[in-house]
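A look at the structure
The chain contents come next:
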Amino acid sequence: LRPMLLYCALSGQRKFVVRPNPLQMLRIFYFFIRLALSMSMLLKQKISSSAEIGLWEISASPVEELMKTIILYEKEKSEILSLGNENRQKEILATKLLLQALLGNEAEIFYDKNGKPHLKNSEAHISLSHSYQYVAAIIDQKNPTGIDIQKITPKIIRIKEKFLSRDELTFVSGIQSIEKLHVL
């Protein structure tokens, strides 16, 4: 009964499942595989009545092994494998795992013409970000939202003109603090 109760808690269902169907058993199986891998949730926190954020650490496990930990449509599998960059493949898989952990079920993402991510069959607002070994997501059921994570590096001093407005550049003139520039 423990796996059945666990499935109910993960899926957000409030009813007791006496006999899980094959899909439920598959979800239980994938949950335990995910626990066994080194890719892991670092943060899952409700930040308002309608919003939750999550942070996921990307694993050193091979892509093929990671693909076994998540339910993917054949089209998704082929799209991920068609990407030549293994790090990008891992980012996509980690993003899907993070969204599954936040939503309690598998999530299909699509991107609009501006590159903004959306959840298929959902009115929730999402934002995704990745930097080096981390993926972050925010899901807000009511309001448009955004999230960004960046590894703190000296490169920001060279590229600040690319992302700061004129007023912001004036405000930060003389600031050579890498941390302060990252907060802006």
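Scroll up to find the structure this text is about.
Attention here is on the structure that accompanies the text. The structure presented is a predicted model; accordingly, all values stated were derived computationally and were not measured. (Residues numbered from 1 in each chain as written. Predicted model: local features only at pLDDT ≥ 70, side-chain atom pairs only at ≥ 80, totals over all residues. Heavy atoms only, no water.)

A few words on the overall build of the protein. The number of helices and strands found in the protein is eight helices and six strands. Evaluated residue by residue, the protein yields a buried proportion of 34% over its 184 residues. Contacts spanning at least 24 positions in sequence make up 45% of the contacts within the protein whose residues lie at least 6 apart. Just so you have it, the protein exposes about 11,900 Å², and 55% of that area is on carbon and sulfur atoms. (Helix = DSSP H or I, 4+ residues; strand = E, 2+ residues; numbered from the N terminus. Buried < 20%, exposed > 50% of the residue type's maximum accessible area, 1.4 Å probe, protein only. Contact = heavy atoms within 4.5 Å. Areas by Shrake-Rupley, 256 points an atom, 1.4 Å probe, with all protein chains shown as cover.)

What follows concerns the environment of F163. Relative to the helices and strands, F163 is located in helix 6 (residues 155–163). Residues contacting F163, with those up to four places away along its chain left out, are I156, E168 and L181.

Take the side chain of S127 next. With respect to the helices and strands, S127 occurs in strand 5 (residues 125–131). There is a polar contact of 3.0 Å between the side chain of S127 and the backbone nitrogen of I147. Excluding residues within four positions of it along the chain, S127 makes contact with P117, A136, A137, I138, T145, G146 and I147. (Polar contact = N/O pair within 3.5 Å; in protein donor to acceptor, adjacent residues only side chain to side chain.)

Right, let's talk about the sheet that holds strand 1 (residues 40–46) for a bit. The strands making up a sheet are joined through hydrogen bonds of the backbone, oriented either antiparallel or parallel. In spatial order, the strands read 1-2-6-5; together these four strands make up an open sheet with antiparallel pairing. Edge positions in the sheet fall to strand 1 and strand 5, since each has one partner strand and no second. Neighbour to neighbour, the strand axes of the sheet diverge by 10 degrees on average, direction disregarded. Sheet topology places strand 2 (residues 51–57) next to strand 6 (residues 134–140); seven bridges connect them, and they run antiparallel. What sits directly across from L55, in strand 6, is A136. The sheet contacts of helix 5 (residues 86–103) involve strand 1, strand 2, strand 5 and strand 6, and relative to strand 6 the element is tilted by about 35 degrees. (Pairing = 2+ DSSP bridges. Axes fitted to C-alpha atoms, helices over the stretch in contact; angles between N-to-C directions.)

End to end, helix 5 covers 26 Å across 18 residues, agreeing with the expected 26 Å (1.5 Å per residue, within 8%). With a side-chain oxygen positioned 2.7 Å from the backbone nitrogen of N87, the residue opening helix 5 is N85. At the exit of helix 5 stands G104, carrying a positive phi of roughly 85 degrees. (Expected span 1.5 Å × (residues − 1).)

The next subject is a nonpolar patch on the surface. Residues L42, L43 and Y134 make up a contiguous nonpolar surface patch of about 240 Å² in total accessible area. Relative to the elements of secondary structure, Y134 occurs in strand 6. (Patch = residues over 30% accessible without salt bridge, like charges linked within 9 Å, V, L, I, M, F, W, Y side chains within 5 Å. Salt bridge = Lys/Arg side-chain N within 4 Å of Asp/Glu carboxyl O.)

Applying the stated criterion across every chain, the model contains six salt bridges. One salt bridge in this structure joins K77 and E74, with 3.5 Å as the shortest N-O distance. Highlighted residues: K77 and E74, both in helix 4 (residues 74–82), separated by three residues, approximately one helical turn. Look at K77 and you get partly exposed, because its relative accessible area is 28%. Relative accessible area serves as the criterion here: at 57%, E74 is assigned to the exposed category. Here E86 makes a salt bridge to K90, at a shortest N to O gap of 3.9 Å. Placement of both E86 and K90 in helix 5 is noted, with a separation of four residues, approximately one turn of the helix.

To continue, consider the nonpolar core. Within soluble globular proteins, side chains that are nonpolar tend to cluster in buried spots. By size, the foremost hydrophobic cluster in this structure holds 22 residues, and its most contacted members are L93 and L99. Those elements that provide at least two residues to this core are helix 3 (63–67), helix 5 and strand 6. For this core, the element with the highest residue contribution is helix 5, accounting for six residues. If we ignore the near neighbours within four places in the chain, the residues touching L93 are V63, L66, M67, I70, L72 and I80. (Core = buried A, V, L, I, M, F, W, Y, C linked by side-chain atoms within 4.5 Å.)

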